[in-house]
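If you want the building blocks of each chain, they are given just below.
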Amino acid sequence: AQSVTQPDIHITVSEGASLELRCNYSYGATPYLFWYVQSPGQGLQLLLKYFSGDTLVQGIKGFEAEFKRSQSSFNLRKPSVHWSDAAEYFCAVGPPGGYNKLIFGAGTRLAVHP
Amino acid sequence: GAVVSQHPSRVICKSGTSVKIECRSLDFQATTMFWYRQFPKQSLMLMATSNEGSKATYEQGVEKDKFLINHASLTLSTLTVTSAHPEDSSFYICSAFSFGISGDEQFFGPGTRLTVL
């Protein structure tokens, strides 16, 4: 079955600390991979995406993610977290060829201590 | 970036009534719109895919007679929850898809929280 697992429901980090949010997926073929961020009252915003090529992808707001095929993972990282990064983060997968039928993980809520 | 709006942002209704939620792409034409449902502390689950001028495609387990979707134009899709019951209470999120804008990205609306009493 196709699924996305985000093992950490809630993470708290101090401002300036590094961050890694985990994402593992189960999919028949190598899917398209995405990370979205959702702030309260706002829609999901795309942070970054992986289709093919370089397995380390850079996104907006200083985020990056690394695709590891052998581990079926697509972890999101940021070297130094800002208070404004506090939000809900969703990992998602979709079929090769387009953005249809995204499958989302349950999300990780990030809190940032000053 | 492209903007998608939803209206209303929040709605409370009595059991048995119908509720309509609008999803609009404000500055682009969306060939496809998607409707998702999100339960607290859970994933977004795709309910249906809506293409302008054609019938929506519903995901397995989603009642098409209960969740009516109309995609009358390239900028508007509506989801009507008919005869709503408390178990329909949820957060409904739409997204709009457009070829050629930011690499064929889905743009998400802010969501509509439905509470059925």
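Scroll up to find the structure.
Below or above, wherever it landed, is the structure these notes cover. From a predicted model like this one, the values you see are computed outputs, not experimental measurements. Positions within a chain are numbered from 1, following the residues in the order the chain's sequence is written. Following the order in which they are written, the chains are lettered starting with A and the ligands numbered starting with 1. Local features in this predicted model are restricted to residues of pLDDT 70 or higher, and side-chain atom pairs are both shown and tallied only at a pLDDT of 80 or more, whereas totals for entire chains, interfaces and linings draw on every residue. The basis for every side-chain value is the complete set of non-hydrogen atoms in the structure, without hydrogens or water.

## Quick word on the pattern of salt bridges
Pairs can form between side chains of opposite charge whenever their charged atoms are close.
Part 1 of the argument: Should a side-chain nitrogen of Lys or Arg be within 4 Å of a carboxyl oxygen of Asp or Glu, the pair is scored as a salt bridge. Scanning the entire structure with this criterion turns up 8 salt bridges over all chains.
Part 2 of the argument: For Asp-8 of chain A, the salt bridge goes to Arg-22 of chain A, with nearest N and O atoms at 2.9 Å. On the criterion of sequence distance, the pair formed by Asp-8 of chain A in the loop between strand S1 (3-5) and strand S2 (10-14) and Arg-22 of chain A in the loop between strand S3 (19-21) and strand S4 (24-26) is long-range, its members being 14 residues apart.
Part 3 of the argument: The salt bridge involving Glu-22 of chain B is made with Arg-24 of chain B; its shortest N-O contact spans 3.5 Å.
Part 4 of the argument: Its relative accessible area of 23% is what places Glu-22 of chain B among the partly exposed residues.
Part 5 of the argument: Each residue's exposure class comes from its accessible area (1.4 Å probe, protein chains only) as a fraction of the maximum for that residue type: buried when under 20%, exposed when over 50%, partly exposed otherwise. Relative accessible area serves as the criterion here: at 34%, Arg-24 of chain B is assigned to the partly exposed category.
Part 6 of the argument: Where salt bridges share partners, they join Glu-64, Glu-66 and Arg-77 of chain A into one cluster. Secondary structure is summarised from DSSP: a helix means a run of H or I of at least four residues, a strand means a run of E of at least two, and numbering begins at the N terminus for each.

## Considerations on unusual backbone geometry
Part 1 of the argument: In the segment running from His-7 of chain B into Pro-8 of chain B, the intervening peptide bond is cis, with an omega of 0°.
Part 2 of the argument: Positionally, Pro-8 of chain B belongs in the loop between strand S1 (4-7) and strand S2 (10-13).
Part 3 of the argument: Residue Lys-61 of chain A is not a glycine yet carries a positive backbone phi of 60°.
Part 4 of the argument: Tracing the sequence through the fold places Lys-61 of chain A in the loop between strand S7 (56-58) and strand S8 (64-68).
Part 5 of the argument: Look at Ser-83 of chain B: it is not a glycine, yet its phi comes out positive at around 45°.
Part 6 of the argument: Here Ser-83 of chain B shows up in the loop between strand S8 (76-81) and strand S9 (90-97).

## Focus: the pairing of S2 of chain A
Residues and elements named next belong to chain A.
Part 1 of the argument: Here S2 shows a clear split, with Ile-11 and Val-13 buried on one side and none of His-10, Thr-12 and Ser-14 buried on the other.
Part 2 of the argument: Pairing between S2 and strand S12 (residues 108-113): 5 bridges, direction parallel. In the strand pairing of S12, Thr-12 is matched with Ala-111. Whether two strands pair comes down to DSSP finding at least two bridges between them.

## Quick word on the nonpolar core
Part 1 of the argument: Leu-19, Trp-35, Leu-47, Leu-48, Phe-74, Leu-76 and Tyr-89 of chain A are the most contacted members of the largest nonpolar core, which totals 27 residues.
Part 2 of the argument: Of all the secondary-structure elements, those providing two or more residues to this core are S2, S3, strand S5 (32-38), strand S6 (44-50), S8, strand S9 (73-78), strand S10 (87-94) and S12 of chain A.
Part 3 of the argument: For this core, the element with the most residues is S10 of chain A, which contributes 4 residues.
Part 4 of the argument: Look past the residues within four positions of Leu-76 of chain A in its chain and what remains in contact with it is Leu-19, Glu-20, Leu-21, Trp-35, Leu-47, Leu-48, Phe-63, Glu-64, Ala-65 and Tyr-89 of chain A.
Part 5 of the argument: Throughout this description, the term nonpolar core refers to a set of buried Ala, Val, Leu, Ile, Met, Phe, Trp, Tyr and Cys residues connected via side-chain atoms within 4.5 Å. Among the nonpolar cores identified, the runner-up in size contains 24 residues, and Val-4, Val-11, Ile-21 and Met-33 of chain B belong to it. Here a residue-residue contact requires only that any non-hydrogen atoms of the pair lie within 4.5 Å.

## Details of the state of the cysteines
Part 1 of the argument: Pairs of cysteine sulfur atoms within 2.5 Å are what we label disulfides. Applying the stated criterion to the full structure yields 2 disulfides over all chains.
Part 2 of the argument: The partner cysteine of Cys-23 of chain A in its disulfide is Cys-91 of chain A, sulfur to sulfur 1.9 Å. An S-S torsion of about -65° defines the bridge between Cys-23 of chain A and Cys-91 of chain A as left-handed. Of this pair, Cys-23 of chain A sits in the loop between S3 and S4 while Cys-91 of chain A sits in strand S10; the two residues are 68 residues apart in sequence, bridging distant segments of the chain. Across the pair, exposure class does not vary: Cys-23 of chain A and Cys-91 of chain A are buried alike.
Part 3 of the argument: Note on cysteine connectivity: Cys-23 of chain B is disulfide-linked to Cys-94 of chain B, with sulfurs 2.0 Å apart. Between Cys-23 of chain B and Cys-94 of chain B, the S-S torsion sits near 80°, and that sign places the bridge as right-handed. Separated by 71 residues along the polypeptide, Cys-23 of chain B in strand S3 (residues 19-25) and Cys-94 of chain B in strand S9 bring together distant segments of the chain. For the pair Cys-23 of chain B and Cys-94 of chain B, one class covers both residues: buried.
Part 4 of the argument: Distance from the sulfur of Cys-13 of chain B, which forms no disulfide, to the nearest cysteine sulfur (Cys-94 of chain B) is 18 Å.

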